[in-house]
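What follows is the residue order along each chain.
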Amino acid sequence: MEDIIGSGGQAKWYLREHSLEVNDEPEDRRGKKLYPNDTVNIPGEGLFLIRSRREE
């Protein structure tokens, strides 16, 4: 997703101009906390599954 929205400023603009869903619910908050196994659906871009980062 970072290739679509790279910063908080871009997220604010993007959410004003586009709709998206988090876990099949409409979402328009820039600061929405995402957790492992959440899904983010961005129409025209794809469905994304949030995974946890593994520390190496």
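Predicted model, so just to flag it, every value in this text is computed and none were measured.

Q: Explain the pattern of salt bridges to me, please; I cannot follow it from the model alone.
A: Close approach of charged atoms allows side chains with opposite charge to pair. Taken as a whole and judged by the stated rule, the model has one salt bridge. A salt bridge links Arg29 to Glu27; the shortest N-O distance between them is 2.7 Å.

Q: So what exactly am I meant to see when it comes to the packing of aromatic side chains here?
A: Describing an aromatic ring pair means giving the distance of the ring centres and the angle of the ring planes. The full count for this structure, using the stated rule, is one aromatic pair. When the centroid spacing of 6.3 Å and the interplanar angle of 70 degrees are considered together, the rings of Trp13 and Tyr14 count as edge-to-face. Judged by relative accessible area, Trp13 falls into the partly exposed class, the value being 45%. Given the relative accessible area of 8%, Tyr14 is considered buried. Above the plane of the ring of Tyr35 lies Lys33, whose end atom (NZ or CZ) is 5.8 Å from the centre.

Q: Before we go on, may I ask you to explain the side chain of Asp38 in this structure?
A: Structurally, Asp38 can be placed in the loop between strand E2 (25–27) and strand E3 (39–42). Buried within the structure, Asp38 lacks any salt-bridge partner; Lys32 is the closest side chain of opposite charge, at an N-O distance of 5.8 Å. Here the side chain of Asp38 touches Asn23 through a polar contact of 3.0 Å, side chain to side chain. At a separation of 2.8 Å, a polar atom in the side chain of Asp38 contacts the main-chain amide nitrogen of Tyr35.

Q: Please clarify how the environment of Lys32 should be interpreted in this entry.
A: Residue position: Lys32 is located in the loop between E2 and E3. For the pair formed by Lys32 and Tyr14, sequence separation is 18 residues and the distance between their alpha carbons is 14 Å. Contacts of Lys32, omitting those with residues within four sequence positions, involve Val22 and Glu27.

So, how was this worked out
- Residues numbered from 1 in each chain as written.
- Predicted model: local features only at pLDDT ≥ 70, side-chain atom pairs only at ≥ 80, totals over all residues.
- Heavy atoms only, no water.
- Salt bridge = Lys/Arg side-chain N within 4 Å of Asp/Glu carboxyl O.
- Phe/Tyr/Trp six-rings, centres within 6.5 Å; stacked < 30°, edge-to-face > 60°.
- Buried < 20%, exposed > 50% of the residue type's maximum accessible area, 1.4 Å probe, protein only.
- Lys NZ or Arg CZ within 6 Å of the ring centre and 35° of its normal.
- Helix = DSSP H or I, 4+ residues; strand = E, 2+ residues; numbered from the N terminus.
- Lys, Arg positive; Asp, Glu negative; His and termini not counted.
- Polar contact = N/O pair within 3.5 Å; in protein donor to acceptor, adjacent residues only side chain to side chain.
- Contact = heavy atoms within 4.5 Å.

Read these as layout, nothing more, since geometry by itself doesn't imply function.
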